[in-house]
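Spelled out from the first residue to the last, the chains are:
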Amino acid sequence: MSEMIAWFIKHYPKMKAQMQGCSHSSGCDEVNPYHIEDDCWSHTMMVCKMVELNSSDKALLASALLHDIGKPEVRCVNPRNNHVQFFGHEEKSAYLAKPILEKMVSDALLEKSQAKEALELVTKHGYFYTLKDANEAYVFFAEKRVFFSKLTLLVECDHLGRFGSSDVEQSFGKIKEMIERIKYFLEQK
């Protein structure tokens, strides 16, 4: 992982600086309860470490590094409640990750298949937060069980790569319940 991070910093120093300057808080006294670690780069490094502790899969490692690179471009503050929001950051991150992953392939850090899978992981890392019905997921993941395992690990590491309140834990508990139902269904097939 450290080799991949060092490569990223060398080739994309402006993107790293943007992530360091992209706060999860609005700048007033209120701390974002979902990300008290504050900036996107710190969160990303925490996610990278969590993934590295759980897997050596290069697609997962690359997706951990790139999963939030779109946040600086979509960051906005809701004027009604002063909360920072990152709507559409998964899609923006995937868009920005595509040429980076292509360069990783050309620099022999990843194989093409790993880059393709990393891009899909970046694109889908917010999937469970918007999923309303597990039945939709059963269909999607029925033929993608290995991908499902990697995605759930990325989502769990994304969650563990932050400090938050009890509300955050309760919210993630519901996502974990849905993931467990999907896992159970996939194991039965």
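Calculation notes
Residues numbered from 1 in each chain as written. Predicted model: local features only at pLDDT ≥ 70, side-chain atom pairs only at ≥ 80, totals over all residues. Heavy atoms only, no water. Helix = DSSP H or I, 4+ residues; strand = E, 2+ residues; numbered from the N terminus. Buried < 20%, exposed > 50% of the residue type's maximum accessible area, 1.4 Å probe, protein only. Areas by Shrake-Rupley, 256 points an atom, 1.4 Å probe, with all protein chains shown as cover. Contact = heavy atoms within 4.5 Å. Salt bridge = Lys/Arg side-chain N within 4 Å of Asp/Glu carboxyl O. Polar contact = N/O pair within 3.5 Å; in protein donor to acceptor, adjacent residues only side chain to side chain. Phe/Tyr/Trp six-rings, centres within 6.5 Å; stacked < 30°, edge-to-face > 60°. Lys NZ or Arg CZ within 6 Å of the ring centre and 35° of its normal. Expected span 1.5 Å × (residues − 1). Arc of directions from axis to C-beta.

1. Observations regarding the overall build of the protein chain
Part 1 of the reasoning: Secondary structure summary: the protein chain contains 11 helices and 2 strands in total.
Part 2 of the reasoning: If you list the helices and strands of the protein chain from N to C, you get α-α-α-α-α-β-β-α-α-α-α-α-α.
Part 3 of the reasoning: Across the 189 residues that make up the protein chain, the buried fraction comes to 48%.
Part 4 of the reasoning: For the protein chain, the computed accessible surface area is about 9900 Å², with 53% contributed by carbon and sulfur atoms.

2. Section: the side chain of S23
Part 1 of the reasoning: As for its position among the elements, S23 is in the loop between α2 (13–20) and α3 (40–54).
Part 2 of the reasoning: According to the relative accessible area criterion, S23 is buried, its value standing at 17%.
Part 3 of the reasoning: For S23, the residues in contact, after removing those within four places along its chain, are D38, D39, R75, V84 and F86.

3. Here we look at the environment of I179
Part 1 of the reasoning: With respect to the helices, strands and loops of the structure, I179 is situated in helix α11 (residues 166–188).
Part 2 of the reasoning: It is 9.9 Å that separates the C-alpha atoms of I179 and S149, two residues lying 30 residues apart in sequence.

4. Some remarks on the pattern of salt bridges
Part 1 of the reasoning: Scanning the entire structure with this criterion turns up 10 salt bridges.
Part 2 of the reasoning: Among the ionic pairs, E52 bridges to K49, the shortest N-O distance being 3.1 Å. You can see E52 and its partner K49 sitting in helix α3, 3 residues apart, about one turn around the helix.
Part 3 of the reasoning: Given the relative accessible area of 44%, K49 is considered partly exposed.
Part 4 of the reasoning: For the salt bridge of K183 with E180, the shortest nitrogen-to-oxygen distance reads 3.5 Å.

5. So, the side chain of S93
Part 1 of the reasoning: By the element assignment, S93 lies in helix α6 (residues 89–106).
Part 2 of the reasoning: For S93, a relative accessible area of 0% puts it in the buried group.
Part 3 of the reasoning: A polar contact is formed between the side chain of S93 and the backbone oxygen of H67, at a distance of 3.1 Å.
Part 4 of the reasoning: Apart from the residues within four sequence positions on either side, S93 is in contact with L66, H67, D68, I69, G70, K71 and V122.

6. Examining the packing of aromatic side chains
The geometry of an aromatic ring pair is captured by the separation of the ring centres together with the interplanar angle, meaning the angle of the planes.
Part 1 of the reasoning: Under the definition given, this model contains 12 aromatic pairs.
Part 2 of the reasoning: Here the aromatic rings of W7 and Y12 are separated by 5.8 Å at their centres, their planes lie at 55 degrees, and the arrangement is tilted. Accessibility assignment for this pair places W7 and Y12 in one class, buried.
Part 3 of the reasoning: These aromatic residues form a ring-pair network of at least three members: Y127, F128, F140, F141, F147 and F148.
Part 4 of the reasoning: Positioned above the aromatic ring of F86 is the side chain of K71, whose terminal nitrogen or guanidinium carbon lies 4.7 Å from the ring centre.
Part 5 of the reasoning: Over the ring of F147 we find K144, and its NZ or CZ is 5.2 Å from the ring centre.

7. Focus on helix α7 (residues 112–124)
Part 1 of the reasoning: Here α7 contains 13 residues, and its C-alpha end-to-end distance of 19 Å stays within 8% of the 18 Å for a straight helix at 1.5 Å per residue.
Part 2 of the reasoning: The inward-facing, buried residues of α7 abut α4 (58–66), α6 and α10 (145–160).

8. Some thoughts on α2
Part 1 of the reasoning: Among the residues of α2, those classed as buried are M15, K16 and M19. The buried residues of α2 all sit within an arc of 100 degrees when viewed along its axis, so they share a single face.
Part 2 of the reasoning: Of the surrounding secondary structure, the elements contacted by the buried residues of α2 are α1 (2–11), α3, α5 (71–74) and α6.

Everything listed is a geometric property; what it means functionally is a separate question.
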